[in-house]
Structures are given as structure tokens and as C-alpha cells.
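# Residue-level structural notes
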Amino acid sequence: MWYNEYGKDGDVVLSSRIRLARNVKGAPFPYRASKEQQHKIIETCKNAVIGEDSPYKDSVKYIDLNKMEPYQKQAIAELHLISPNMIDDSIERGILLSDDNKICIMVNEEDHMRIQCMSAGFDLDSCYNEADKLDDMIEEKIDYAFDKDFGYLTCCPTNVGTGLRASVMVHLPALVASGTFSKLANSLAQLGLAVRGIYGEGSKAIGNIFQISNQVTLGVNEEDTIEQFKQIIAEVIENERVLRDKLHKTQKYNLEDKLMRSYGILTNSVLMTSNEAMKRLSDIRFAKDLNILDDSISYETLNELTYSVLPANIAKNYNLFDETERDLKRAEIIKEKLKS
């Protein structure tokens, strides 16, 4: 899957995403809709995306989230395919998910549709091209809620206009270690970007992984938003790489000792919590960025571990619901992957 791959500038940018918020004209937003109306929205979206004449009918499937256990939905959220809001069963919800997981349309989240296209590495252009093509196809079949002055109408006023969110998941260990991350976050905020934790709004950063996204959607167009965003992220990538080299030159032995200690702990531990795993895997990734580790450990392996050792994914994949059993399995998985 794309989230295990190593893409362009993958030493800093783990993944890219374009999301478009869209609503059906005349229908109440999910939180105000009746169960019958929620069901009708789901059927309308399904018919538009995977109807008989759709080019996506064989590669995209509908998944009813209300028929899944909470841990199963949490496992999907851990892969960044759905927001934590989608775990709530009070609203009829589902996703339209492609076989390669690069397309995931959330149905009845805050808006009727959140069209998402994802890719490994720094690749917003391909994400936007796919999202734009999909959006155009849907708009041929659904009359969107649209205002000639305000643009696309959305549940949250912060999405009105283009309804577009461009975002990247970035690994910034040097900016954090150097104490300059807060300054960067403030600078990005002044440029109209939001810096959040690994799962977006309200979440914490774990393992030096952050999500950066645009905030301005009104009075701008999609193409300009993406181009400006790409330019800013390119500067973040450059700053992170410069600081990595600087830290390695000025703190070589202390830094290498810290990073390799994490390698020793990960390859020998009996128990490993998810938080500790994420922090120490960040150290291993940093060590690889600095060519401290040999090539036996690939970025693809580290990307796979980043998601496969999270609590709900271990529960889903190994049928383990006891915390200690998951910590045992997590340590086992990491040792096996890093030593193979």
C-alpha cells in the first residue's frame, strides 16, 4: 500500500494528501440529517462513484463503518484513511475505498463527502490530479451545494470556498532536537498553514511526525493554493536537512549514541508500548537519514512498522485485545523486521 512506500523526498515527507469537502445541494449536513436522510446521502454518493457507468466501479468498494467494531475503525484511522470522527456510530457513515487505498471518500463525516487522494512522499500534484478528476466525475451526477460568491458550501466555515485541504505528513527530528520547531510552527501559521499532530486536529505529535496543511480556502483557487503550499514545504524540507547535517557535525558522538541506543532497545526488548515504539522508530529513521545504519533496514520497512505496530492494527491483525499481549507482540514484530 502507498503508506508503506518510499516516495519523493521521503526522508522528510512520509506522505501527501489532497482532500476536497463537498455537499449535496438541498440536503442537511450529516449532524442535522435524519437517519433516512443520512442513508439517502450514502446511496447518492455510492451511485455517483461506483455506479454501473463509473470507471471506478471495479477498483473502489463501499465499506459500511457502522457494521464494524470500534477497534476495526480505529485501525483504519491509524492508517490516516479516516478521521477519528468517523468512529462515532451516532451517524450512518461509510467510506468508498480504492483497492490500493490511494482514494478514500469519507461519506457523512462533517460534510456529505470528503474526497481524499493520498500518495507516498512529496507528491501533491498526482494527488490533486486524481482528486480533481474524481470530483469532476461526481459533479456530473450530483448537484453540489455551491454559491457563486462563496464557492463550495461546507459544514465548517473554515472549508468554504475551494473546500480544499492540501497536507503532508513530515518527519522533523532535527527541527525538534535543535529547539527551532516552535519557531517554524509560528512562521507557518503566519503564512496560513496549520501544524498539527500525527492524526490532525487535536492530536499530539508522536515520533517527531507532524501534519502540515493549508488553512485558507476562501478567495483563492485550488491550483494557486497547492503551488504556494509546495513552495513552503520545499523550504521546510531544506531546513530539516540542513539541521540534520549540522547536528551530526556538532554532536556526532552523542547523537549517534542516542540513536543507536534506540536501535539496541528495539532489537532486544520484550515489551514495547506504542508511544515508545514511535519515538524509537523515529530515532532509527533519523539514523538512516544520516547514514549511520547500513542498508539492511529500508525506509519501506520503517514505514510499514510505523503503522503495523499501532494498537488497533495489532488488535485487528492478531486478535489481541489485552494491552500487555499487544506490547509483547509489538516488540516481537519490531525485532523480526529490524533483524531480518
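In what follows, the structure referred to is the one given above.
We now turn to the structure provided with this report. Only a predicted model underlies this, so the values are computations on that prediction, with no experimental measurement involved. (Residues numbered from 1 in each chain as written. Predicted model: local features only at pLDDT ≥ 70, side-chain atom pairs only at ≥ 80, totals over all residues. Heavy atoms only, no water.)

Turning our attention to unusual backbone geometry. For D9, which is not glycine, the phi torsion reads 55 degrees and is therefore positive. By secondary structure assignment, the location of D9 is in the segment before β1 (13-22). Positioned with a positive phi, H80 is a non-glycine residue whose angle comes to about 65 degrees. Within the secondary structure layout, H80 lies in the loop between α2 (70-78) and β3 (94-98). Residue class for H80 comes out buried when judged on its relative accessible area of 12%. (Helix = DSSP H or I, 4+ residues; strand = E, 2+ residues; numbered from the N terminus. Buried < 20%, exposed > 50% of the residue type's maximum accessible area, 1.4 Å probe, protein only.)

Within strand β10 (residues 209-214), 6 of the 6 residues are buried, which leaves it mostly tucked inside the rest of the structure. Two elements, strand β8 (residues 164-171) and β10, share 5 bridges in a ladder whose sense is antiparallel. Following the sheet pairing, V170 is matched in β10 by F210. As judged from the 4 bridges shared by strand β9 (residues 193-196) and β10, these two strands associate in the antiparallel manner. Paired with V195 across the bridge in β10 is I212. (Pairing = 2+ DSSP bridges.)

Take the pairing of β3 next. In terms of residue burial, β3 counts as a mostly covered element, since 5 of its 5 residues are buried. Of the strand pairs in this sheet, strand β2 (residues 60-64) and β3 are connected by 5 bridges, and their pairing is antiparallel. Residue pairing for β3: D64 is matched across the bridge by G94. Pairing between β3 and strand β4 (residues 103-107): 4 bridges, direction antiparallel. If you follow L96 over to β4, its bridge partner there is I105. Hairpin connection from β3 to β4: 4 residues lie between these consecutive antiparallel strands, with N101 at a positive phi of about 65 degrees.

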